[in-house]
Amino acid sequence: MSVVAAGSGTKVDGVALTVLLIFFVIVTVGGFMAAKWRRPESMHSLDEWGLGGRVFGTIITWFLLGGDLYTAYTFVAVPAAMFATGAVSGFFAVPYTIVVYPLIFIFMPRLWSVAHRNGYVTPADFVRGRYGSRGLSLAVAVTGILATMPYIALQLVGIQAVLDTLGLGGSSNVLLKDLPLFIAFAVLAAYTYSSGLRAPALIAFVKDTLIYLVIVVAIVYVGIKIGFGDMFKAAETKMSTKTPKGAATGVFIPNSKTYWAYSSLAFGSALALFMYPHSMTAVLSGKSRNVIRRNAAILPVYSLMLGLLALLGYAAIAAKTKVIGADGKPNAQLAVPHFFHDAFPSWFAGVAFAAIAIGALVPAAIMSIAAANLFTRNIYREYFKPDATPHEESTVSKIVSLIVKFGALLFVLSLDKQNAINFQLLGGVWILQTIVAIVAGLYTRWLHRWALLAGWAVGMVYGTVAAYHQKSAATAHFGGSLAKFPFTHTTVYIGLSALVLNVIVSVVLTLILRAAHVPTGEDATAPADYYSDSVPAVRPVPGTAGGLPEPGAARA
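The residue numbering used here restarts from 1 in each chain and proceeds along that chain's sequence as written. Where totals are concerned, whole chains, interfaces and linings use all residues; where local detail is concerned, this predicted model gives features only for residues with pLDDT of at least 70, and gives and counts side-chain atom pairs only at 80 or more. With hydrogens and water excluded, all non-hydrogen atoms of the structure serve as input to the side-chain values.

### A look at the overall build of the chain
In step 1: Helix and strand counts for the chain stand at 23 helices and four strands.
In step 2: The globule rule is 2.2 Å times the number of residues to the power 0.38, and the radius of gyration it is compared with is taken over C-alpha atoms. Compactness check: the chain gives a C-alpha radius of gyration of 23 Å against a globular reference of 24 Å for 556 residues, within 12% of the reference.
In step 3: Dimensions along the principal axes, computed over C-alpha positions, put the chain at roughly 65 × 60 × 40 Å.
In step 4: Only protein chains enter the accessibility calculation, which uses a 1.4 Å probe; a residue whose area is less than 20% of its type maximum is buried, one above 50% is exposed, and one in between is partly exposed. Counting every position in the chain, which comprises 556 residues, the buried fraction comes to 60%.
In step 5: Method for areas: the Shrake-Rupley scheme with a 1.4 Å probe, in which residue coverage is limited to the protein chains shown. Accessible surface, the chain: about 20,900 Å² in total, of which carbon and sulfur atoms supply 69%.
In step 6: For this count, His and the chain ends are skipped, Lys and Arg are scored as positive, and Asp and Glu as negative. The atom standing in for a charge is NZ when the residue is Lys, CZ when it is Arg, CG when it is Asp and CD when it is Glu. Of the charged side chains in the chain, 39 are positive and 23 negative, and the gap between their average positions amounts to 6 Å. Only DSSP runs of H or I covering at least 4 residues are called helices, and only runs of E covering at least 2 are called strands; the numbering of each starts at the N terminus.

Right, dumping it as structure tokens:
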């Protein structure tokens, strides 16, 4: 069933659209019902609204983290990169999601314990308590918010790809073109406001089930209808084809010239991924250290899914999928949606589109909550209302989460989507600069708070400037995340280069500041806090310095 979009002449796939709407209604109802799921006596605190009461077990946390880390943009962008330029820009996502889980297994239980013991809601809370530094805490909070905003916007890129494939994307009728996005995010904002983190936790069950179903069916289809040998042969042929300028179209298998680029991009991205505020929010919502460890052990199942998903980019090459959008312009982001639309019945294409759309709503909700918590705890409470009550905190966080979501919506609608992609790449470089203060702080206070702040500043400036000078076929600035390592000819991930400079500055300045006996600040944590598991979390004490618990109260 197809209908013609008013004022455009573009055919709308009615069957696929209907299936998508059915699933959207299901998750909407689930989002509002989540407010009553394990409902406490009051939702008027960040512990309950922003962290789901810190009571999620292994299964719920597994779906929540999976829904958080594997977004709609992952579903669209990874195979799109494989389709357009091959393994270096696409398949590196698979090893980096494998690398990230051992890191989570090592570091995150310690962060969970100290946050659980002291009532910390954000990573910036931990930095504030560990180093006694308002400035360093503010730097971590602002970096987290800045890095998260374009990430939320990119979820819209996934939804836009679906709408374009359905026949709505190229409509000259603004109502038809943009109204679905406004409706989706208005509903998302409404149930996130009422249900907090419980909403994406519940919806993640639907999202992940759909994604696994779609991937399994797609891979079976590829094996039967295309053949894996023919798929890889078609991809190799395309990647070795020369561009008009004489360069290869892409990279089928990374060669020795791309080893450092590939490996540094994978490793740096893994470090950045678990530093994002939404990753930490999902971790801190778990009810025990063992929940975090178990998830680090079983989450690699998602990496298997991602590897199969990446191959759909090559499948789209073999199937000769066209990626011309409804606006008449080529867009590699359409490779997977168009592949499903061309290869499968409309009803199953609708299921695939629902998986992508819901895959945008879940992480967008968690990201907006994480950004709102950072603003509330580490900016509003720290600098404007130190005696804010838990009720006031939750109210401010709810309002800010709305602003963040609609800010991201306006960002992606008013700017070219390539800008959203560029800013998200820059966000990865930025968030990586917070790892020194957070991860080092989990083990030692040797690094001086002012040295850490200086190292963060150097990493941020270098990373931003280096990224600014990267060009691509689509943009003159911020066109990539790879550049020559300083004073060498080796191409590496910019974020990792910035991190190396960050560490060097932090260590050298620490030696100088400690030699000068500059005060290091008060540590509000105790050694036992980093191993705590069974002791109930201590809620923040209103009116204390910086809005954080008194050191004695944290260990009472």
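### Concerning the nonpolar core
In step 1: Ranked by internal contacts, the top residues of the largest apolar core, which has 178 residues, are Phe 75, Phe 274, Leu 312, Tyr 314, Phe 340 and Ile 435.
In step 2: Sequence-distant contacts of Phe 75, that is, excluding residues within four places in its chain, are made with Ile 211, Val 214, Ile 215, Leu 309, Val 336, Phe 340, Ala 355 and Ile 356. Working definition of a nonpolar core: buried Ala, Val, Leu, Ile, Met, Phe, Trp, Tyr and Cys residues. They are joined through side-chain atoms within 4.5 Å. Contacts are assigned to residue pairs with any non-hydrogen atoms lying within 4.5 Å of each other.

### Section: the packing of aromatic side chains
In step 1: Planes of paired rings set the category: under 30 degrees apart is stacked, over 60 is edge-to-face and the rest tilted, where pairs are Phe, Tyr or Trp rings (Trp by its six-membered ring) whose centres lie within 6.5 Å. Under the counting rule described, the total for this entry stands at 22 aromatic pairs.
In step 2: Taking the centre distance of 4.9 Å and the plane angle of 45° together, the rings of Trp 62 and Tyr 302 count as tilted. Pair noted here: Trp 62 is in helix 3 (residues 58–69) and Tyr 302 is in helix 15 (residues 300–318), with a separation of 240 residues, a long-range link. In this pair, the class of Trp 62 matches that of Tyr 302, namely buried.
In step 3: Here the aromatic cluster, defined as three or more aromatic residues joined through ring pairs, consists of Trp 62, Phe 63, Tyr 70, Phe 205, Tyr 212 and Tyr 302.
In step 4: Over the ring of Tyr 193 we find Lys 398; its NZ or CZ atom is 5.4 Å from the centre of that ring. Both a distance and an angle decide whether a charge sits over a ring: NZ of Lys or CZ of Arg must be within 6 Å of the ring centre and within 35 degrees of the ring normal.

### Describing helix 13 (residues 277–284)
In step 1: The element helix 13 is extensively covered by neighbouring structure, given that eight of its eight residues are classed as buried.
In step 2: Taken together, the buried positions of helix 13 are Pro 277, His 278, Ser 279, Met 280, Thr 281, Ala 282, Val 283 and Leu 284.

### Some thoughts on unusual backbone geometry
In step 1: In the Ramachandran plot, Phe 487 falls in the positive-phi region, its phi being about 65° despite a non-glycine side chain.
In step 2: Its place among the elements puts Phe 487 in the loop between strand 3 (482–484) and strand 4 (491–493).
In step 3: For Phe 487, a relative accessible area of 89% puts it in the exposed group.
In step 4: Phi is positive for His 517, which is not a glycine, with a value near 60°.

### Some details on the pattern of salt bridges
In step 1: Salt bridge criterion: a side-chain nitrogen from Lys or Arg within 4 Å of a carboxyl oxygen from Asp or Glu. Counted according to the given criterion, the structure contains 11 salt bridges.
In step 2: Here Arg 54 and Asp 47 are joined by a salt bridge, their closest N and O atoms 2.9 Å apart.
In step 3: Classification of Arg 54 by relative accessible area gives buried; the value is 6%.
In step 4: Note that Glu 48 and Arg 198 form a salt bridge whose closest N and O atoms lie 3.0 Å from each other. Taken together, the positions of Glu 48 in helix 2 (residues 46–49) and Arg 198 in helix 10 (residues 198–226) put the pair 150 residues apart, joining distant regions of the chain. Like Glu 48, the residue Arg 198 is buried in the burial classification.

### Re the side chain of Thr 148
In step 1: Locating Thr 148 in the fold gives a position in helix 8 (residues 134–166).
In step 2: Discounting chain neighbours no more than four positions away, the residues touching Thr 148 are Pro 277, Met 367 and Ala 371.

### So, a nonpolar patch on the surface
In step 1: A grouping of Leu 179, Phe 182, Ile 183, Phe 406 and Leu 410 is seen on the molecular surface, where their side chains present a nonpolar patch of about 410 Å² in accessible area.
In step 2: Elements that contribute at least two residues to the nonpolar patch include exactly helix 9 (174–195) and helix 18 (390–414).
In step 3: The element best represented in the nonpolar patch is helix 9, accounting for three residues.
In step 4: Along the chain, Phe 182 turns up in helix 9. To count toward a patch, a residue needs a relative accessible area over 30% and no salt bridge; like charges are then connected within 9 Å, while nonpolar side chains (Val, Leu, Ile, Met, Phe, Trp, Tyr) are connected within 5 Å.

### A few points about the side chain of Asn 373
In step 1: Position of Asn 373 among the secondary structure elements: in helix 17 (residues 346–384).
In step 2: Excluding anything up to four places from it in sequence, Asn 373 contacts Leu 46, Trp 49, Gly 50, Val 121, Thr 122, Asn 378 and Ser 397.

### A short note on the environment of Val 508
In step 1: Residue position: Val 508 is located in helix 22 (residues 494–515).
In step 2: Residue Val 508 is classed as partly exposed on the basis of its relative accessible area of 43%.
In step 3: In the structure, Val 508 is positioned 355 residues away from Ala 153 in sequence and 38 Å away in space, judged by C-alpha atoms.

### Examining the confidence of the model for the chain
In step 1: pLDDT runs from 0 to 100 and stands for how confident the predictor is about each residue. Here the chain shows a mean pLDDT of 85. Residues at 70 or above account for 91%.
In step 2: In the predicted structure, residues 1–9 sits below a pLDDT of 50 and forms 24 contacts with residues beyond four places in sequence or in another chain.
In step 3: Confidence drops under a pLDDT of 50 for residues 535–556, and excluding neighbours within four residues, the segment shows 54 contacts in the predicted structure.

### Thoughts on the environment of Gly 307
In step 1: Within the secondary structure, Gly 307 is located in helix 15.
In step 2: Accessibility expressed as a relative area gives 13% for Gly 307, which makes it buried.
In step 3: In the structure, Gly 307 is positioned 212 residues away from Pro 95 in sequence and 9.0 Å away in space, judged by C-alpha atoms.
In step 4: In contact with Gly 307, other than residues within four places in its own chain, are Phe 91 and Val 94.

### Focus on helix 10
In step 1: The span expected for a helix works out to 1.5 Å for each residue beyond the first. Taking 1.5 Å as the rise per residue, helix 10 with 29 residues should run 42 Å; its terminal C-alpha atoms sit 41 Å apart, in good agreement.
In step 2: To obtain the bend at a residue, axes are fitted to the seven residues ending there and to the seven starting there, and the angle between these axes is taken. A maximum bend of about 30° is found in helix 10 at Ala 204.
In step 3: Two residues or fewer past helix 10, Gly 227 is found with a positive phi of approximately 90°.

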